[in-house]
Amino acid sequence: MTLRNILIHPDPRLKKKATPIAAVNDDIRRLADDMLETMYDAPGIGLAAPQIGITERLLVMDCVKDEEATPEPMVLINPEITWSSEALNVYEEGCLSIPEQYAEVERPAEVEVQWTDEKGKQRRERFDGLWATCVQHEIDHLNGKLFIDYLKPLRRQMITRKMQKLKRERARG
Ligand SMILES: [Zn+2]
């Protein structure tokens, strides 16, 4: 397994709509393993392929935050939301591509998602709580959307400027 480099906003690759994965093969499984390792290392609870510069519809997540609890790594290939609850939920969201910036985002409290797993099996499951927020945030990444796109323009611009500064500092080393 290899740790992958996580792209930092703003980056044109984070704004692209990702393409569906045609077949689940060893390359895809290796990519998913790399993404899980990169996510746990960060540490984060979700990572979408576009965040490591691969514009394909694949995401990984594990919303078990308790370090004593058994991890629940999930690999979702070509995920689609098939149902959203009318009830909404607000979570303070963050993103590995927007380090150390957090903001409240309102989303459906429950969603039903259909996807292909790493074995090529069709799955369908209902998510609630943090899992529901996380899966919606990650599917947004596959559509070129970031959580800051839900914020008011002024707040979004402020965060973007901070990220530009962070990237300049990192480039200088
Ligand atoms: Zn994110």
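The rules behind each value
- Here, residues in each chain are numbered from 1, in the same order as that chain's written sequence.
- Only residues with pLDDT of at least 70 are given local features in this predicted model, and only at 80 or more are side-chain atom pairs given and counted; all residues enter the totals for whole chains, interfaces and linings.
- UniProt positions are given in the numbering used here, feature names are shortened, and annotations may be inferred rather than shown by experiment.
- Note that contacts rest on C-beta atoms placed from the backbone: two residues are in contact if these are within 7 Å.
- Backbone-placed C-beta atoms define the burial measure: a residue is buried with 20 or more other C-beta atoms within 10 Å of its own, exposed with 12 or fewer, and partly exposed in between.
- Note on conventions: DSSP H or I runs of at least 4 residues are helices, E runs of at least 2 residues are strands, and numbering of each starts at the N terminus.
- The pairing criterion is simple: DSSP has to find at least two bridges between the two strands.
- Axes here refer to lines fitted to C-alpha atoms; in helices the fit is confined to the stretch in contact. Angles between the N-to-C directions go from 0 to 180 degrees.

Visitor: Could you give me a rundown of the UniProt feature "active site" (unreviewed entry) in the chain, with the residues and numbers involved?
Guide: Under the present numbering, the feature "active site" (unreviewed entry) in UniProt falls on Glu138. Residues within four places of Glu138 in sequence aside, it is in contact with Gly46, Ala48, Leu59 and Met61.

Visitor: Lay out unusual backbone geometry in plain terms, naming residues and giving numbers.
Guide: Of note, the amide linkage connecting His9 to Pro10 takes the cis form, showing an omega dihedral of 0 degrees. You will see that Asn78, though not glycine, has its phi angle at about 50 degrees, which is positive. Overall, the presence of 19 C-beta atoms within 10 Å leaves Asn78 in the partly exposed class.

Visitor: Outline the pairing of strand E2 (residues 58-61), supporting the account with residue identities and numerical values.
Guide: Both faces of E2 are covered, namely the face carrying Leu58 and Val60 and the face carrying Leu59 and Met61. Bridge count for strand E1 (residues 46-48) against E2 is three bridges, and the pairing is antiparallel. Residue pairing for E2: Ala48 is matched across the bridge by Leu59. Inspection of the sheet shows E2 paired to strand E3 (residues 74-84) by four bridges, in the antiparallel sense. Residue pairing across strands places Met61 opposite Met74, the latter belonging to E3.

Visitor: Pulling in residues and values, what's your account of the sheet that holds E2?
Guide: What the five strands build is an open sheet, ordered E1-E2-E3-E6-E7; its pairing is antiparallel. The sheet terminates laterally at E1 and strand E7 (122-127), the two strands that pair on one side only. For this sheet, the mean angle separating the axes of adjacent strands, direction not counted, is 40 degrees. Contacting E1, E2 and E3, helix H1 (residues 26-41) runs over the sheet at an angle of about 40 degrees to E2.

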